[in-house]
Amino acid sequence: MLSRDDIASCVALALPVMVAYVSIGIPCGVMEAQIGFSPLMAFLFSATYYSGAGQFMVSNLWLAGTPLVTMILSISLVTARQLLYSTALSPYMECVPTPKVLRFGALVTDETFGINFSRFAARDGWNVDKATVVNVACMLSWATANLIGAAVGSVISLPVDIMSFGMTSVFICLLAGQSWTPSAVRVALVTAASVLACKLMVLGGSSIFLGAVAGVLAGVALDALLGEEQR
Amino acid sequence: MMSTAQIMLMWAALLAVMLACRCIPLVMLQGRVLPPRVERTVGSIPVAAFTALVANDLIQPDTWGQGPRGVLVPLVSAGIVLLVARKTGSLIWCAVVGMGVYALASLL
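These numbers were taken from a predicted model, which means no experiment stands behind them.

Bringing the overall build of chain B into the picture now. The helix and strand tally for chain B stands at five helices and zero strands. In chain B, the order of α-helices and β-strands from amino to carboxyl end is α-α-α-α-α. At 20 Å, chain B has a C-alpha radius of gyration far larger than the 13 Å of a compact globule built from 108 residues. Considering only C-alpha atoms, chain B reaches an extent of 50 × 50 × 25 Å along its principal axes. For chain B, with 108 residues in total, the buried portion stands at 37%.

Structure (structure tokens):
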């Protein structure tokens, strides 16, 4: 059972992401209203499906006249990066009851993966309950922002590009905090080059998943080639 | 506009895929002792994932046609955020400085 102080410290940790989610969630809700979502639907969709990239794609693809099946397949490909996050988090789920694992796992996003993975890796008493509080706090801010966006429509205008860069900054901070071994540098370089290649091939949101997979595979191959497996 | 039936169908399909991706590896690999090679591979996922997320945000080919400004604003802002990250390690400071620098650089 978490104390009130524990919950407050988890929410404080989630705060930068919550603020960014509010600023990006409102325009996302505005777009969802444009394709037929009621505010309640926008809230529930955001609270359950809970994917910024996926939800923006839903509105964009529908407005572009994309058939429903194509939309679902395209968005599912972008979703595949969640497999990587889930795999990376699995070592920290040892001895945790499965319902708790599912409750935590169902709400992992790019941002909450970053926060929680860093804290799990620090091995400073971080646990699934605290990680779930971070996830729920972020999810509620996202879903509420979508509800507001769907309710008020385009009355509110936010500088989305500036707010989005707040999220990029969070990712940069999480990346900088990684352990920079020679192997990690190689993984990062191959990943960045792969994302660039995917972008040039206009692969859009799939670039993240494809770039990361290329980086991980190249890292393993290069470690084997350079004889660094035992280090 | 999407009909309610279309929204429900899309919602169910996307949610099923999302929950499968988010939960199946967590539950399947939970508590398993992984072979060293697999463990090293899994260990490299965070660096790859964060690099991919940052690169995806910074590399925007559609802005390249707008001259050096479209490329430089995010890159310079990212460089300053990196310095703040190395100095403070604080997510909040990085987000605040990042948005501030990006806003200022966009105005110049």
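Attention shifts here to the overall build of chain A. Counting its regular elements, chain A contains 11 helices and zero strands. Along the chain direction, N to C, the helices and strands of chain A fall in the order α-α-α-α-α-α-α-α-α-α-α. For 231 residues, the compact-globule formula gives about 17 Å, and the C-alpha radius of gyration of chain A, at 19 Å, lands near that figure. Taken along its principal axes, the extent of the C-alpha atoms in chain A is 60 × 50 × 35 Å.

Each assigned domain of chain B is listed with its residue range as follows: domain 1 (1-32) and domain 2 (45-107). Between domain 1 of chain B and domain 2 of chain B, the C-alpha centre-to-centre distance is 31 Å.

On to unusual backbone geometry. Residues and elements named next belong to chain A. Positioned with a positive phi, Cys95 is a non-glycine residue whose angle comes to about 65 degrees. In this structure, Cys95 sits in the loop between α5 (81-89) and α6 (98-105). Judged by C-beta crowding, with 6 C-beta atoms within 10 Å, Cys95 ranks as exposed.

All names here are of chain A. Running from amino to carboxyl end, helix α7 (residues 110-122) crosses helix α8 (residues 128-152) at an angle of 155 degrees, the nearest separation of the two axes being 10 Å. Between α7 and α8, the angle falls in the class roughly antiparallel. Seen from above, α7 lies across α8 with right-handed handedness. In this structure, α7 contributes Glu111, Thr112, Ile115 and Asn116 to the contact, and α8 contributes Ala131, Val134, Asn135 and Cys138.

Here we come to the environment of Cys28 of chain A. The residue Cys28 of chain A is located in helix α1 (residues 4-34) in this model. We classify Cys28 of chain A as buried; it has 23 C-beta atoms within 10 Å.

Here the focus is the domain arrangement of chain A. Accessible area lost when the parts come together is the quantity often used to give the size of an interface. All names here are of chain A. Domain assignment breaks chain A into domain 1 (4-178) and domain 2 (180-231). A separation of 24 Å is found between the C-alpha centroids of domain 1 and domain 2. Tallying the contact residues gives eight residues for domain 1 and seven residues for domain 2. Every element with two or more residues in the side of domain 1 that touches domain 2 is listed here: α3 (52-63), α4 (68-79) and α5. Here the residues of the side of domain 1 that touches domain 2 sort into six nonpolar, one polar and one charged.

Another aspect to go through is the interface of chain B and chain A. With 56 residues of chain B at the interface, the matching set in chain A holds 75 residues. Within the residue set of the side of chain B that touches chain A, elements represented by two or more residues are α1 (4-29), α2 (36-43), α3 (45-58), α4 (68-88) and α5 (91-107) of chain B. Among the elements that line the side of chain B that touches chain A, the one with the most residues is α1 of chain B, at 18 residues. Here the side of chain B that touches chain A is built from residues that sort into 42 nonpolar, 10 polar and four charged.

Thresholds, definitions, all that
Residues numbered from 1 in each chain as written. Chains lettered and ligands numbered in written order. Predicted model: local features only at pLDDT ≥ 70, side-chain atom pairs only at ≥ 80, totals over all residues. Helix = DSSP H or I, 4+ residues; strand = E, 2+ residues; numbered from the N terminus. Rg over C-alpha atoms; globule rule 2.2 N^0.38 Å. Buried ≥ 20, exposed ≤ 12 C-beta atoms within 10 Å, placed from the backbone. Domains from an automatic or database assignment. Axes fitted to C-alpha atoms, helices over the stretch in contact; angles between N-to-C directions. Parallel < 35°, antiparallel > 145°, perpendicular 65-115°, else oblique. Left-handed = near helix turned anticlockwise from the far one by under 90°. Contact = placed C-beta atoms within 7 Å. Nonpolar A, V, L, I, M, F, W, Y, C, P; charged D, E, K, R; others polar.

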